[in-house]
Amino acid sequence: MDIFEGLKQQITGKDVKIVFPEGKDIRVLGAAIRLNNDGLLKPVVIGNVEEVQAVAKENGVDATDLIIIDPTSYDKFDDMVASFVDRRKGKATEDQARTILLDPNYFGTMLTYMGEADGMVSGAIHSTGDTVRPALQIIKTKPGASRTSGAFLMVRGDEKYLFSDCAININPAAQELAEIAVESAKTAEMFGIAPKVAMLSFSSKGSAKSEEVTKVAEATKIAQELAPNYEIDGELQFDAAFVESVAQQKAPDSAVAGQATVFVFPEIQSGNIGYKIAQRLGGFEAVGPILQGLNKPVSDLSRGCNEEEVYKLSIITAAQSLMD
Ligand SMILES: CC(C)(COP(=O)(O)OP(=O)(O)OC[C@H]1O[C@@H](n2cnc3c(N)ncnc32)[C@H](O)[C@@H]1OP(=O)(O)O)[C@@H](O)C(=O)NCCC(=O)NCCS
Ligand SMILES: CC(=O)OP(=O)(O)O
């Protein structure tokens, strides 16, 4: 069965509420309307009601059935302010909170934190930093995960892979990279991908020596210790990880080389560049970033996304909310 058909079945009838802080963007609004009409989830759109309805009208779509919340007239705003001040533990005063919470990403994140919604999808018009910072500060990571990281589900026909971290940790240390690998294996399973995790580098099994290579080799060892139940191996070049004949030559004893399904990049530059090359040159659909390791699901779109990607990432976010 198509991966998204399976996820749709999981979320149908569960009344999952997903917040969309970018209600005035037609890609987001169009996806929210489709998700609502398809009965998959209950979108909660943030914005001025008249402005959101005007965008819908201009684009010939009907947003009258959507729940739209304007932070400036939200009836539980005082409760939200108190909850935020408490959560930030001395890092924000009440006055500061009143201003901060007018930011739609902070407002949407707080709706999720307070249980008024089950998850959030944003980032079509905001940078990753502005989208995810509220989640890092408020929702925070779940027990056992010290960092959040951003994975992409890469789909082309029947092929599906997971790439990470393409979005959050700029230059993770070995321990952090190991955690990213383990979280990525768990995320892959959510999509029915049997995880064979390749820790990527420009070196395969010691073919080059540098501190960058040492970091990936160390991360591999830590990840294997953290999760002996998963097949994780490295350090591997992409060709050694992916192509059987190259694996025979470069890493013949590896159970992952040549068969990898989960690709863990050594730092964000290679991860972010790598997924965009696969997407734009390789014809893969890139759905994400799916944030891993948070207490509640928050997903950060790429600003280059289209309506279909918003639709699909929202389905994933809703499915995550039922798993946590
Ligand atoms: C994600 C990012 C914005 C966080 O950086 P930042 O805002 O400077 O974060 P800070 O270091 O000030 O930390 C803010 C809070 O987030 C937490 N945090 C930061 N990174 C975190 C991570 N990876 N996982 C979990 N929590 C994290 C901090 O502990 C801190 O919490 P606190 O305020 O409760 O103490 C930053 O790492 C970044 O810019 N990453 C790259 C994003 C990007 O441009 N990606 C490319 C496009 S997808
Ligand atoms: C994931 C990503 O690269 O996001 P953006 O394109 O918005 O920077």
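Residues numbered from 1 in each chain as written. Chains lettered and ligands numbered in written order. Predicted model: local features only at pLDDT ≥ 70, side-chain atom pairs only at ≥ 80, totals over all residues. Heavy atoms only, no water.

Going by this rule: UniProt positions are given in the numbering used here, feature names are shortened, and annotations may be inferred rather than shown by experiment.
In the annotation of an unreviewed UniProt entry, the entry for the chain reads Phosphate acetyltransferase, and the organism field reads Vagococcus intermedius. Recorded under Catalytic activity (unreviewed entry), the UniProt text for the chain is reproduced unchanged: "acetyl-CoA + phosphate = acetyl phosphate + CoA". One UniProt comment on the chain, placed under Sequence similarities (unreviewed entry), says "Belongs to the phosphate acetyltransferase and butyryltransferase family."

Here we look at the site of ligand 2
Spelled out, the test is: To be near a molecule or strand, a residue needs just one of its heavy atoms within 4 Å of it. Two N or O atoms count as a polar contact when they lie within 3.5 Å, although within protein this holds only if one can serve as hydrogen donor and the other as acceptor, and sequence-adjacent residues are included solely when both atoms are side-chain atoms. For helices the rule is a DSSP run of H or I covering at least 4 residues; for strands it is a run of E covering at least 2, with both sets numbered from the N terminus onward. Charged residues are taken to be Asp, Glu, Lys and Arg, nonpolar residues to be Ala, Val, Leu, Ile, Met, Phe, Trp, Tyr, Cys and Pro, and polar residues to be all remaining types, Gly included.
Surveying the vicinity of ligand 2 reveals the residues Thr-128, Phe-152, Asn-272, Tyr-275, Lys-276, Pro-289, Ser-302 and Arg-303. A distance of 3.0 Å is found between an oxygen atom of ligand 2 and a side-chain nitrogen or oxygen belonging to Asn-272. Within the contact set of ligand 2, an oxygen atom lies 2.8 Å away from a side-chain nitrogen or oxygen of Lys-276. Ranked by residue count, the leading element in the shell around ligand 2 is helix H12 (residues 268–280), at three residues. A breakdown of the residues in the shell around ligand 2 according to their chemical character gives three nonpolar, three polar and two charged.

Comments concerning the pattern of salt bridges
As a reminder, the rule being used: Salt bridges are identified by distance alone: a Lys or Arg side-chain nitrogen within 4 Å of an Asp or Glu carboxyl oxygen. Note on exposure labels: buried denotes an accessible area under 20% of the residue type's maximum, exposed denotes more than 50%, and partly exposed covers the range between, all computed with a 1.4 Å probe on protein chains only.
Here the structure, examined in full by the defined rule, presents 17 salt bridges. In this structure, Asp-25 engages Arg-27 in a salt bridge whose closest nitrogen and oxygen atoms are separated by 2.9 Å. The partner of Asp-233 in a salt bridge is Lys-205, and the shortest N-O contact between them spans 2.7 Å. One end of the pair, Asp-233, is in strand E8 (residues 231–236); the other, Lys-205, is in the loop between strand E7 (196–200) and helix H9 (211–226), and 28 residues separate them in sequence. For Asp-233, a relative accessible area of 9% puts it in the buried group.

Some words on the nonpolar core
Inclusion rule: Nonpolar cores were defined as sets of buried Ala, Val, Leu, Ile, Met, Phe, Trp, Tyr and Cys residues, with membership established by side-chain atoms within 4.5 Å. The contact criterion used throughout is that any non-hydrogen atoms of two residues lie within 4.5 Å.
Residues Phe-20, Leu-153, Phe-191, Met-199 and Ile-316 are the most contacted members of the largest nonpolar core, which totals 60 residues. A total of nine residues in this core trace back to one element, the largest contributor, which is helix H8 (residues 174–190). In this structure Ile-316 touches Phe-4, Leu-7, Leu-153, Met-190, Phe-191, Val-287 and Ile-290, once residues within four positions along its chain are discounted. If you look at the next biggest cluster of nonpolar residues, it comprises 27 residues, including Tyr-74, Val-81, Phe-84 and Ile-138.

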